[in-house]
Amino acid sequence: MFGSKLHIIKYTVIFLTFFLTGLINSFSLHAQPNEVVAEKGEGIYRLLTRNGLPVSQYLEVFVELNKDRLGPGNSLYAGRKYKLPDKTAETPSKSTGTTRRFEIFGEKYADVEIIDEQLKGAVYHLVAGHGGPDPGAVGRYGEWQLCEDEYAYDVTLRLARNLIQHGATVYMITRDNNDGVRDDSYLKPDKDELCYPNLKIPLNQTRRLRQRTDAVNTLYQKHRGNFQRMVAIHVDSRSHGENIDVFFYHDKRSKTGKDAAHILKNTFQRKYDLHQPGRGYKGTVSDRNLYVVRNTYPVAIYIELGNINHRRDQQRFIIPSNRQALANWLFEGLMEDFKTNK
Ligand SMILES: [Zn+2]
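Residues numbered from 1 in each chain as written. Predicted model: local features only at pLDDT ≥ 70, side-chain atom pairs only at ≥ 80, totals over all residues. Heavy atoms only, no water.

**Student:** What is the right way to read the environment of Ile303 from this model?
**Tutor:** Within the element layout of this structure, Ile303 appears in strand E16 (residues 299-307). Sequence separation between Ile303 and Ala232 is 71 residues, and the spatial gap between their C-alpha atoms is 6.1 Å. In contact with Ile303, not counting residues within four places along its chain, are Val231, Ala232, Ile233, His234, Val246, Phe247, Phe248, Leu264 and Leu330. (Helix = DSSP H or I, 4+ residues; strand = E, 2+ residues; numbered from the N terminus. Contact = heavy atoms within 4.5 Å.)

What follows is the structure, given as structure tokens:
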């Protein structure tokens, strides 16, 4: 169990914009740039805004991308196609010490300070489990319903932010455009999560898993040659009596996946030994035949954070600083994985 007094990286307050890239609905080797047709009377400002691109951030890129298609004074021609800037949570391209904004983290956490570039070149595809019409496991805590997808998503977002702060390129594959990082105990369930870049998540499980697998694999091709990881984050549900430690799965065929999972597990072991000596940590690493793990191209790590039905495990989820601690420890493990296996 996490104590609430863990050393948690104190973040200066924050804001950001995690944007989505061009439409990727098929398995193309090269993602096509997203294009839109200018409407009658429309200028750059309106066109960017209606496509969810803050003008302050994307005006220059847009002009550069479309310089051969613009009219006098950078006006748009109605009916003509224009390229939209890439909205992914790309590598923090600016140098250390700068701040970049990613709206996906929500108002309070949107500004992300780039602390260093230790993870430069690393690409992470983060898949928070379930989402959209599927809440995943549902636990009860007093009057509250704890939905796996919301808690997994919050930890995943926090992890994404940590990775970006150290220069990684991060894709939130499951994404919620209006939740952001939440410092509440009770995370209100909703069903508006989307799959990268902005696709509605189907109810059918096979289609849902295939959709996110396709999203990861398309991005994988785009970053071919880079160090890449797919990290899936879930919260298990078992009987009420069973508390479980954070544990890890990998693909049977992947030696690197196994090594990476062990590194993460050992990180948790060390952290518990340090912060809660005598507690004992019984996390495990094993292989398991899971669709997303089996079918995604990058080395895959699948994480179960605990049992959403168990009283004690629930503290790991409902205390926001514990969710941050989970993200921090996962981050440290991934950092070590990068340094060891790159
Ligand atoms: Zn799950």
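**Student:** What's the story with the sheet that holds E16 in this structure? I'm lost.
**Tutor:** Two orientations exist for strands paired in a sheet by backbone hydrogen bonds: parallel and antiparallel. One open sheet accounts for six strands, arranged E9-E6-E13-E16-E14-E15; its pairing is mixed. The sheet is open, and its two borders are formed by strand E9 (169-172) and strand E15 (285-287), each paired with just one other strand. This sheet shows a mean twist of 25° between the axes of neighbouring strands, independent of strand direction. Pairing geometry for strand E13 (residues 227-236) and E16, over seven bridges, is parallel. Bridge pairing in E16 links Val231 to Ile301. Packing of helix H8 (residues 320-341) onto the sheet brings it into contact with strand E6 (122-128), E13, strand E14 (247-250) and E16, and relative to E13 it is tilted by some 150°. (Pairing = 2+ DSSP bridges. Axes fitted to C-alpha atoms, helices over the stretch in contact; angles between N-to-C directions.)

**Student:** Please clarify how the nonpolar core should be interpreted in this entry.
**Tutor:** As a rule of thumb, nonpolar side chains are buried together in soluble globular proteins. Phe105, Tyr124, Leu163, Phe248, Ile303, Leu305 and Leu330 are the most contacted members of the largest nonpolar core, which totals 55 residues. The next biggest cluster of nonpolar side chains, apart from the first, holds 21 residues, and it includes Tyr196, Met230, Ala232 and Ala300. (Core = buried A, V, L, I, M, F, W, Y, C linked by side-chain atoms within 4.5 Å. Buried < 20%, exposed > 50% of the residue type's maximum accessible area, 1.4 Å probe, protein only.)

**Student:** Which parts of the structure should I look at to understand the packing of aromatic side chains?
**Tutor:** Any aromatic ring pair is given by two values, namely how distant the centres are and how the planes are angled relative to each other. Counted according to the given criterion, the structure contains 15 aromatic pairs. Judged by centre distance (5.0 Å) and plane angle (20°), the rings of Trp144 and Tyr186 are stacked. Here Trp144, found in strand E8 (residues 144-147), pairs with Tyr186, found in the loop between strand E10 (174-175) and strand E11 (194-195); they are 42 residues apart in sequence, far enough to count as distant. Judged by its relative accessible area of 27%, Tyr186 is partly exposed. Ring centres of Phe227 and Phe338 lie 4.8 Å apart, and the angle between their planes is 85°; on these two criteria the pair is classed as edge-to-face. Taken as a pair, Phe227 in strand E13 and Phe338 in helix H8 lie far apart in primary sequence, 111 residues in all. (Phe/Tyr/Trp six-rings, centres within 6.5 Å; stacked < 30°, edge-to-face > 60°.)

**Student:** Sorry if this is basic, but what is going on with the coordination of the zinc ion here?
**Tutor:** Six octahedral donors around a metal ideally subtend angles of 90 or 180 degrees, whereas four tetrahedral donors ideally subtend 109.5 degrees. Around the zinc ion, the protein supplies His130 (NE2), Glu148 (OE) and His234 (ND1) as donor atoms, at distances of 2.1 Å. Counting along the primary sequence, the residues that act as donors to the zinc ion give the motif H-x17-E-x85-H. Here Glu148 is found in helix H3 (residues 148-165), whereas its partner His234 is found in strand E13, with 86 residues between them in sequence. (Donors = N, O, S within 2.8 Å, 3.2 Å for Na, K, Ca; no water.)

**Student:** Looking at this model, I keep getting lost on the layout of surface pockets. Mind explaining?
**Tutor:** Where empty space is left can be seen by rolling a probe of water-molecule size over the atoms. The calculated volume of the second largest pocket comes to roughly 290 Å³. Forming the walls of the second largest pocket are 21 residues, and the residues nearest its centre are His130, Leu209, His234, Leu290 and Tyr302. Among the residues making up the lining of the second largest pocket, the classes are represented as nine nonpolar, six polar and six charged. (1 Å grid on protein atoms, 1.4 Å probe; cavity = no way out; pocket = protein on both sides within 12 Å on 5 of 7 lines; lining within 4 Å. Points joined across faces, edges and corners; volume = space filled by probe spheres on them. Nonpolar A, V, L, I, M, F, W, Y, C, P; charged D, E, K, R; others polar.)

**Student:** I tried to follow the sheet that holds E11 on my own but got confused; where do I start?
**Tutor:** Sheet architecture is open: three strands sit in the order E10-E11-E12, paired in antiparallel fashion. Taken across any chain shown, the strands that pair with only one partner, and hence form the sheet edges, are E10 and strand E12 (199-200). Where E10 meets E11, two bridges bridge the pair, whose relative direction is antiparallel. Within the sheet, the bridge partner assigned to Thr174 lies in E11 and is Cys195.

Structural measurements only, silent on function.
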